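# Residue-level structure breakdown
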Amino acid sequence: MKTTGPGTATDTVTSRLTARGLTLAYEDRTVVHELDLAVPDGRVTVIVGPNACGKSTTLRALGRLLKPAGGAVLLDGTELSRIPTRKIAQAVGLLPQTPVAPEAITVSDLVARGRQPHQHWWQQWSDADERAVTEAMERTDVTALAERSVDELSGGQRQRVWIAMALAQDTDLLLLDEPTTYLDIAHQVEVLDLVRKLAAPAADGTRGRTVVTVLHDLNQAARYADHLVAMKAGRIVAEGRPEDVVTAGLVREVFGLEAVIVPDPVTGSPLVVPGAPWKPSAPSPRKAS
């Protein structure tokens, strides 16, 4: 099973970031096998799959944190290995799964670190840097936290600050590795709503950012993705619009789970309801008085 491309037949889907025959390994253990992927521009692409299927490994390779054992990742048609590191950092922002902030650093100082790829030895800070930081903090609603220590923030606030730093990097492509890890449900929704806003077109029609994120929760992935990629054992099993990809057969094949797929009552996106074996116990019969 493999669908292709988001949207309708009339959509013109372009892709700046692609993988061709991508094989990834840690020493002698191959994790991803000859993977082909075209990330749709201006959309939210979500990668899902069981533990150890290669999701985060693939994301690391898309951000050039992992050298391919075979094949290549291309940005605008050029292999990442041929592009200077500074140029990649100006085009692709990557937020790892568990980033660690320097001790006692303030929110504004951490967000400002996103400007490092745009600075030079002869020009350490500019008006453009200031604008980028200010706009990033406004978009992520962390301006009021500017002078707070990152250590003092809640999980949801801290994650918004990390995303603000990635936004200040001012890249068209944003890679997020499990941005909802360790967050409660309210903060998960808060972060994923922000991700959707980042990819939304601007008021003047300018295309939004291209976002690729890894998520564990299939229902969240189906709700927030424009383009869903399901992986198993280092290979793509299916990709396309969530409504085309998320089926009982796919959930069984990828996750080994029997499930019923129903429409989400809020968004209409596919909602996965696990099937047997658990059942609620029957109420005890009332004794006659």
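Details of the structure are given in the entry above.
Residues numbered from 1 in each chain as written. Predicted model: local features only at pLDDT ≥ 70, side-chain atom pairs only at ≥ 80, totals over all residues. Heavy atoms only, no water.

## Some points on helix α1 (residues 55-62)
For α1, the tally of buried residues reaches 7 of 8 residues, placing the bulk of the element in the interior. Every buried residue of α1 is listed here: K55, S56, T57, T58, L59, A61 and L62. Backbone geometry just after α1 places R64 at a positive phi near 60°. (Buried < 20%, exposed > 50% of the residue type's maximum accessible area, 1.4 Å probe, protein only. Helix = DSSP H or I, 4+ residues; strand = E, 2+ residues; numbered from the N terminus.)

## Focus on the sheet that holds strand β5 (residues 78-79)
Spatially, the 4 strands line up as an open sheet ordered β2-β1-β4-β5, and their pairing is antiparallel. With partners counted over all chains shown, the strands left at the sheet margins are β2 (29-39) and β5, one partner each. Sheet topology note: the strand β1 (residues 17-26)/β2 ladder contains 7 bridges and is antiparallel. When the sheet's bridge partners are listed, Y26 is paired in β2 with R29. On top of the sheet, α1 reaches β1, β2 and β4 (70-75); it is set at about 120° to β1, its chief contact. (Pairing = 2+ DSSP bridges. Contact = heavy atoms within 4.5 Å. Axes fitted to C-alpha atoms, helices over the stretch in contact; angles between N-to-C directions.)

## Quick word on the pattern of salt bridges
Inspection of the entire model under this criterion finds 11 salt bridges. For R241, the salt bridge is made with E243, and the minimal N-O distance between the two is 4.0 Å. For R241, a relative accessible area of 26% puts it in the partly exposed group. Under the relative-accessibility criterion, E243 is labelled partly exposed at 48%. Residue R252 is joined to E258 by a salt bridge in which the shortest nitrogen-to-oxygen separation is 3.0 Å. The partly exposed category is assigned to E258, whose relative accessible area is 43%. (Salt bridge = Lys/Arg side-chain N within 4 Å of Asp/Glu carboxyl O.)

## Overview of the sheet that holds strand β8 (residues 210-214)
Within the open sheet, the 6 strands sit side by side as β6-β7-β8-β3-β9-β10. Their pairing is mixed. The open sheet terminates on both sides in strands that have one partner only, identified here as β6 (92-95) and β10 (235-240). With strand direction ignored, the average angle separating the axes of adjacent strands in the sheet is 15°.

## So, the environment of L75
Among the structural elements, L75 can be located in strand β4. On a C-alpha basis, the gap between L75 and A91 in space is 8.9 Å, while along the polypeptide they are 16 residues apart. Dropping the residues within four chain positions of it, L75 is found in contact with R16, L17, L80, I83, A91, V92 and L173.

## What about the pairing of β4?
One face of the sheet, then the other: side chains in a regular strand alternate in exactly this way. Of all 6 residues in β4, 5 are buried, a share of seventy percent or more. Here β1 pairs with β4 via 5 bridges, running antiparallel. Of the residues in β4, the one forming a bridge with R20 is A72. Relative to β5, β4 is paired through 2 bridges, and the arrangement is antiparallel.

## Brief notes about unusual backbone geometry
With a phi angle near 55°, E27 is a residue other than glycine that sits in the positive phi range. Along the polypeptide, E27 turns up in the loop between β1 and β2. We note that A233 has phi near 50°; this positive angle belongs to a residue other than glycine. For A233, the location among the structural elements is in the loop between β9 (227-232) and β10. With a relative accessible area of 52%, A233 lands in the exposed category.

## Side note on the environment of R158
Looking at where R158 falls in the secondary structure, it is placed in helix α5 (residues 155-168). Given the relative accessible area of 28%, R158 is considered partly exposed. If we ignore the near neighbours within four places in the chain, the residues touching R158 are V150, D151 and L153.

## Side note on the packing of helix α4 (residues 127-139) against α5
Here α4 crosses α5 at 140°, and the two axes come no closer than 8 Å. Handedness of the crossing formed by α4 with α5: right-handed. Listed contacts from α5 to A132, V133, A136 and R139 of α4 are A164, L167 and A168. Partitioning the contact of α4 with α5 into residue classes produces 6 nonpolar, no polar and 1 charged. (Left-handed = near helix turned anticlockwise from the far one by under 90°. Nonpolar A, V, L, I, M, F, W, Y, C, P; charged D, E, K, R; others polar.)

## Things to note about the nonpolar core
A general tendency of soluble globular proteins is for nonpolar side chains to be buried together. Counting residues in hydrophobic clusters, the biggest one holds 53 residues, and the most contacted among them are V46, V107, L110, V111 and L228. Top element by residues in this core is α5. It accounts for 8 residues. With near-sequence residues (within four places) excluded, L228 lies in contact with V46, V48, L218, A221, A238, E239, G240, P242, V245 and V246. Core analysis: the next-biggest nonpolar cluster, separate from the first, contains 29 residues, L22, L66, V73 and L80 among them. (Core = buried A, V, L, I, M, F, W, Y, C linked by side-chain atoms within 4.5 Å.)

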